[in-house]
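As a plain string of letters, each chain reads:
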Amino acid sequence: MAPCFLLGGALLFALHAVLAVPAAPSLPRQEADATDGIAPLAQPQIESFKPYTNFANAAYCAPIVTVDWSCGQHCEANPNFKPTAAGGDGIFVQFWFVGFDPDLGEVIVAHQGTQLLTIVPVLEDLDLLPLPLDEQLFPGVGLDVLVHSGFSIAQAETSQFILAAVKNTMQEFNTSKVTTVGHSLGASISLLDAVFLHLHLPDATVRFVGYGLPRVGDDPFVQLVDRLGFQVNHVANKKDLVPILPPVLLGYRHISGEIHIDEANQWINCPGHDNPSTSCTVGDTNLLLDFNIFDHAGPYDGVLISTFC
Ligand SMILES: *[C@@H]1O[C@H](CO)[C@@H](O)[C@H](O)[C@H]1NC(C)=O
């Protein structure tokens, strides 16, 4: 393991960010009242996330074992799930699956994430600039809405398979509820899927649940997500590095709906974008000095997300 390498990388990166960005975008507005609405979740609320956490974990399994839900304990954690489609090769295209969960009454869309050593270089790669979303996939979204191009390329690759599978599953199981889930890179793909599905399926009630979500887009992007109004939650564990990348200095902002797991394993509701309270991720972690790469995997209420299935 190479925490020193990573720390070195982060420092080097931060220097790059300071030195190489000619005109830093304006820094975010401070929240009017940083402590407003910050509160711990009650135990039943925390437990309501468990099925989604296990789906995000199962997304690390190959389609050969998710398509018939035979992926061992990852699958058995949601025993009644009915998969309807699965794909990806785990190399160029992250694994994914779609299906219906009768206990939740929801269509689930899940995308595989990456190992930490793979995602950090992606997030620190300054060649991957934020770019406008594809107009065909995201009709009516303004050109000022910029998204990390690594994430939008990954989402575009599977978008048509996901849309077809979600439509079929909604019809087959007579439901309008669709929840997209994922961990790490998988969370960023699933967030873009949620926006995409909301735009293409006006009859669907979309929700997004992410774990260890990096920042995905710029200020107009997070405002777009707020305006579309579907439910978003992203759980950030303790001093995980990934949720504070890419940095605000490069114009990235976090969507609303943060839940921060503190050192006492309380789940704290953190309203707004990049809430600066020390109870929340931005106030609790620091890109240069104060993060822990091992927090990325969890545990999220007892579920350690494994990159191996
Ligand atoms: C589908 O669901 C709707 C709303 O829950 C219900 O009114 C309708 O009867 C259901 N249709 C079938 C074929 O089960």
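Residues numbered from 1 in each chain as written. Predicted model: local features only at pLDDT ≥ 70, side-chain atom pairs only at ≥ 80, totals over all residues. Heavy atoms only, no water.

Going by an unreviewed UniProt entry, the protein chain carries the name Lipase and comes from Dichomitus squalens.

**What to know about the side chain of His-254**
Topologically, His-254 is positioned in the loop between strand E9 (231–237) and strand E10 (258–261). One polar contact links the side chain of His-254 to the main-chain carbonyl oxygen of Leu-213, over a distance of 3.3 Å. In this structure, His-254 is in contact with Leu-213, Pro-214, Arg-215, Val-222, His-234, Pro-243, His-273 and Asp-274, ignoring residues within four places of it in sequence. (Helix = DSSP H or I, 4+ residues; strand = E, 2+ residues; numbered from the N terminus. Polar contact = N/O pair within 3.5 Å; in protein donor to acceptor, adjacent residues only side chain to side chain. Contact = heavy atoms within 4.5 Å.)

**Re helix H9 (residues 219–228)**
When we look at burial in H9, the residues that qualify are Phe-221, Val-222, Leu-224 and Val-225. Here the buried residues of H9 occupy an arc of 150° about the axis, which is enough to place them on one side. Of the surrounding secondary structure, the elements contacted by the buried residues of H9 are strand E6 (146–148), helix H8 (185–200) and E9. Looking at where H9 begins, the residue whose side-chain oxygen comes 3.0 Å from the main-chain nitrogen of Phe-221 is Asp-218. One or two residues past the end of H9 sits Gly-229, with phi positive at roughly 80°. (Buried < 20%, exposed > 50% of the residue type's maximum accessible area, 1.4 Å probe, protein only. Arc of directions from axis to C-beta.)

**A word on the packing of aromatic side chains**
Across all of its chains, the model carries 11 aromatic pairs by this definition. Relative to Phe-97, the ring of Phe-81 lies with its centre 5.6 Å away and its plane at 65°, an arrangement referred to as edge-to-face. In this pair, Phe-81 is assigned in the loop between helix H5 (73–76) and strand E2 (82–87) and Phe-97 in strand E3 (residues 96–101), connecting sequence segments 16 residues apart. You'll find Phe-81 and Phe-97 in the same group, each marked buried. (Phe/Tyr/Trp six-rings, centres within 6.5 Å; stacked < 30°, edge-to-face > 60°.)

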